[in-house]
Amino acid sequence: MTEALYLKDSYRRECDATVVSVKNRKYVVLDQTIFYPKGGGQPWDTGKIMKGNKTYNVVYVGKFSGETSHEVDRAGLTEADNVHCVLDWERRYKLMRSHTAAHLFASLLCTGTGALVTGNQLEEDKVRFDFSLEKYDREILKKYIDKANELFTKDITVKWYELPKKEALRIPGIIKMAEALPPNLPNLRIVEIVGVDKQADGGTHVKNLREVGQIKLLKTENKGKHNRRVYLKLL
Ligand SMILES: [Zn+2]
């Protein structure tokens, strides 16, 4: 199994690695990686893999039967190659900020209104939420966006760690989305916004709420009687 360095240190931008296998000349498995594979509502990382003076652009990263596969834009990498990986940090850092923003906003909205989050997808420049809420108006959204923005000016730590699954599942609200149901592992990874929210999550986050900046409402759509789709944007 590829060692997922981004789970421990989401700020790591470079690493050395060894090529474990290459499929169809462009799907590369490494012994360890800083590239986040698409999943859990967070898009994949991009960047490059370098071998000597040759550069291979990483255009897609996904998980297939437990292995993290890096799709590169040209052939040339082979098994046992020693390579150096570099993240497109600008993209990743935006996704980290958005991901933490999404957790905070969802937590405030769900706790405050009893809304259920039914879907969540990060994009490079916006965050999409689907939620169901019986009594809805734009003012409610505005209220929770303002609350979130206030918290983003505070020095609040975000941390991540593993807990035994049994213990984790006793924490109220630890799983907010049905599709985020954890894999069959003894431990769950928890992302905690200290004093505000704890959620089972495998994504990459910033270490302090201040790093998020501010968010704004981009647009809302109706998706059925009580279902809304909301787009938020980082400022
Ligand atoms: Zn998340």
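S.K.: What am I meant to see in the sheet that holds strand β12 (residues 187–193) here?
M.R.: Strands belonging to one sheet form pairs held by backbone hydrogen bonds; the direction of such a pair is parallel or antiparallel. Read across the sheet, three strands follow the order β11-β12-β13 without closing on themselves; strand pairing throughout is antiparallel. The sheet is open, and its two edges are formed by β11 (158–164) and β13 (197–200), each paired on a single side. Averaged over all pairs of adjacent strands, the angle between strand axes in this sheet comes to 25°, irrespective of strand direction. Pairing geometry for β11 and β12, over seven bridges, is antiparallel. Bridge pairing in β12 links Lys159 to Glu192. Most of the contacts of helix α2 (residues 89–113) go to β12, to which it runs at about 80°, and overall it touches β11, β12 and β13.

S.K.: Can you help me understand the packing of α2 against helix α3 (residues 138–151) in this one?
M.R.: Each packed pair of helices is defined by two parameters, the angle between the axes and the distance between the axes. The contact between α2 and α3 brings their axes to 9 Å, and the two run at 130°. With respect to each other, α2 and α3 are oriented oblique. Viewed along their axes, α2 and α3 form a crossing whose handedness is right-handed. In this structure, α2 contributes Leu104, Phe105, Leu108, Leu109, Gly112 and Thr113 to the contact, and α3 contributes Ile140, Leu141, Tyr144, Ile145, Lys147, Ala148 and Leu151. Among the residues making up the contact of α2 with α3, the classes are represented as 10 nonpolar, two polar and one charged.

S.K.: Help me understand the coordination of the zinc ion, please; the structure alone is not making it clear to me.
M.R.: A four-donor tetrahedral metal ideally has 109.5 degree angles, and a six-donor octahedral metal ideally has angles of 90 or 180 degrees. Within the first shell, the zinc ion binds the protein through His99 (NE2), His103 (NE2) and Asp201 (OD), at distances of 2.0 Å. Counting residues between consecutive donors of the zinc ion along the chain gives the motif H-x3-H-x97-D. Linking His103 in helix α2 with Asp201 in the loop between β13 and β14 (215–222), this pair joins segments that are 98 residues apart in sequence. The residues His103 and Asp201 share a single accessibility class, namely buried.

S.K.: Would you explain the nonpolar core in this entry?
M.R.: The nonpolar side chains of a soluble globular protein tend to be buried, and buried together. Counting 54 residues, the largest nonpolar core has Ile49, Cys85, Phe129 and Leu232 as the members making the most contacts within it. The element best represented in this core is α2, accounting for 11 residues. Beyond its immediate sequence surroundings of up to four residues, Cys85 is in contact with Arg13, Glu14, Cys15, Ala17, Leu30, Ile34, Phe35, Lys48 and Ile49. Ranked by size, the runner-up nonpolar core spans seven residues in total, among them Ala168, Ile174, Leu188 and Ile190.

S.K.: In this structure, what is going on with the packing of aromatic side chains? I would like to understand it.
M.R.: Aromatic ring pairs are reported here in terms of the distance separating the ring centres and the angle at which the planes meet. For the coordinates displayed, the defined rule picks out five aromatic pairs. Aromatic pair Trp44 and Tyr60: ring centres 4.7 Å apart, planes at 55°, arrangement tilted. Of this pair, Trp44 sits in the loop between β4 (32–33) and β5 (47–51) while Tyr60 sits in strand β6 (residues 54–64), and the two are 16 residues apart along the sequence. A relative accessible area of 24% places Trp44 in the partly exposed class. Seen from their ring centres, Trp89 and Tyr93 are 5.4 Å apart, and the 25° between their planes marks the pair as stacked. Taken together, the positions of Trp89 and Tyr93, both in helix α2 and four residues apart, correspond to about one turn of that helix. The rings of Tyr11, Trp89 and Tyr93 are connected pair by pair, giving a single aromatic cluster. Geometry around Trp44 places Arg91 over its ring, the cationic atom sitting 5.5 Å from the centre. The cationic tip of Lys207 hangs over the ring face of Tyr11; the distance from NZ or CZ to the ring centre is 4.8 Å.

Conventions we followed
Residues numbered from 1 in each chain as written. Predicted model: local features only at pLDDT ≥ 70, side-chain atom pairs only at ≥ 80, totals over all residues. Heavy atoms only, no water. Pairing = 2+ DSSP bridges. Helix = DSSP H or I, 4+ residues; strand = E, 2+ residues; numbered from the N terminus. Axes fitted to C-alpha atoms, helices over the stretch in contact; angles between N-to-C directions. Contact = heavy atoms within 4.5 Å. Parallel < 35°, antiparallel > 145°, perpendicular 65-115°, else oblique. Left-handed = near helix turned anticlockwise from the far one by under 90°. Nonpolar A, V, L, I, M, F, W, Y, C, P; charged D, E, K, R; others polar. Donors = N, O, S within 2.8 Å, 3.2 Å for Na, K, Ca; no water. Buried < 20%, exposed > 50% of the residue type's maximum accessible area, 1.4 Å probe, protein only. Core = buried A, V, L, I, M, F, W, Y, C linked by side-chain atoms within 4.5 Å. Phe/Tyr/Trp six-rings, centres within 6.5 Å; stacked < 30°, edge-to-face > 60°. Lys NZ or Arg CZ within 6 Å of the ring centre and 35° of its normal.

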